[in-house]
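Coordinate inspection notes
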Amino acid sequence: MQRWEGIQDLSREQLLEYVEMQAKNWLALDGTWFQSLEQLRGMDEAMLHDERAWARYTVFEARRIKKFLGLPEHPGLEGLRRALNFRLYAAINRHAFSMEENGRVLIYRVLSCRVQDARLRKGMSLHPCRPVGLVEYSGFAWEIDSRIQTQCLSCCPEITDKSVRCAWKFTLLC
């Protein structure tokens, strides 16, 4: 059996559908382990382990995307924007970017979030993802370009912009 038997014969549309399906599968795995721990040990302990997992995972993901895209050591905010588009989340969450302050600031807005939408459908409270998001987005941005500083603008439980699920500010220092 070949490594990619079957996959190599897929059309472009089928490949995109396959990527979306795999992103949903990945997110389902992330959610099921989290909810299992949340039910067993409570939200605080689940969040602690979630932060630890994302601190490690986001570095792996960023390194692989950076290499895949052939980004230089310091690709700046444009490199970060490109890399964010290749995260698995990008296949299943809607997002938007805006460049501000003469190209020194990138604002990343998550317009729809499968995690929060699923929790609401199940009658659960919103996931308080801000602490994990800070670890995740800071680590991802730093791995893409160590000159980038990350700030949370809005994220549960500190929602300041109800038009988005979360919003992040990336500033290129120096």
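Above this text you will find the structure in question.
Residues numbered from 1 in each chain as written. Predicted model: local features only at pLDDT ≥ 70, side-chain atom pairs only at ≥ 80, totals over all residues. Heavy atoms only, no water.

Taken together, the four strands give an open sheet; going across it, the order is β1-β2-β4-β3, and neighbouring strands pair in antiparallel fashion. Every other strand in the sheet has two partners, leaving β1 (95-100) and β3 (148-155) as the edge strands with one partner each. Ignoring strand direction, the axes of neighbouring strands in this sheet form an average angle of 20°. Here β3 runs beside strand β4 (residues 166-172); their pairing, made up of seven bridges, is antiparallel. The partner of S154 across the bridge, within β4, is A167. The strands touched by helix α5 (residues 130-144) within the sheet are β2 (105-110), β3 and β4, with β3 carrying the most contacts at an inclination of about 150°. (Pairing = 2+ DSSP bridges. Helix = DSSP H or I, 4+ residues; strand = E, 2+ residues; numbered from the N terminus. Axes fitted to C-alpha atoms, helices over the stretch in contact; angles between N-to-C directions. Contact = heavy atoms within 4.5 Å.)

Here we take up the nonpolar core. Ranked by size, the top nonpolar core spans 24 residues in total, and within it L80, F140, W168 and F170 carry the most contacts. Elements that contribute at least two residues to this core include exactly α2 (43-69), α3 (76-84), β2, α5, β3 and β4. Among all residues touching F140, those that are not within four sequence positions of it are T58, E61, A62, I65, L80, A83, L84 and R87. A23, L27, L37 and I92 belong to the second largest nonpolar core, which has 11 residues in total. (Core = buried A, V, L, I, M, F, W, Y, C linked by side-chain atoms within 4.5 Å. Buried < 20%, exposed > 50% of the residue type's maximum accessible area, 1.4 Å probe, protein only.)

What follows covers the pattern of salt bridges. Under the counting rule described, the total for this entry stands at nine salt bridges. Between R87 and E61 there is a salt bridge, with its nearest N and O atoms 2.9 Å apart. With R87 in the loop between α3 and β1 and E61 in helix α2, this pair connects stretches of sequence that are 26 residues apart. Taking relative accessible area as the criterion, R87 reaches 4% and is therefore assigned buried. Here the salt bridges do not stand alone but share partners, grouping E61, R87 and E136 into one network. (Salt bridge = Lys/Arg side-chain N within 4 Å of Asp/Glu carboxyl O.)

Let us look at the packing of aromatic side chains. Aromatic ring pairs are described here by two measures, namely the spacing of the ring centres and the angle between the planes. Applying the stated criterion across every chain, the model contains 11 aromatic pairs. On the basis of an interplanar angle of 85° and a centroid distance of 6.0 Å, the ring pair of W26 and W54 is categorised as edge-to-face. Linking W26 in helix α1 (residues 12-41) with W54 in helix α2, this pair joins segments that are 28 residues apart in sequence. W26 sits in the buried class, given a relative accessible area of 18%. (Phe/Tyr/Trp six-rings, centres within 6.5 Å; stacked < 30°, edge-to-face > 60°.)

This paragraph deals with unusual backbone geometry. Omega for the peptide link from C156 to P157 comes to 15°, which places this bond in the cis form. Within the element layout of this structure, P157 appears in the loop between β3 and β4. One non-glycine residue, E101, adopts positive backbone phi at about 50°. Within the element layout of this structure, E101 appears in the loop between β1 and β2.

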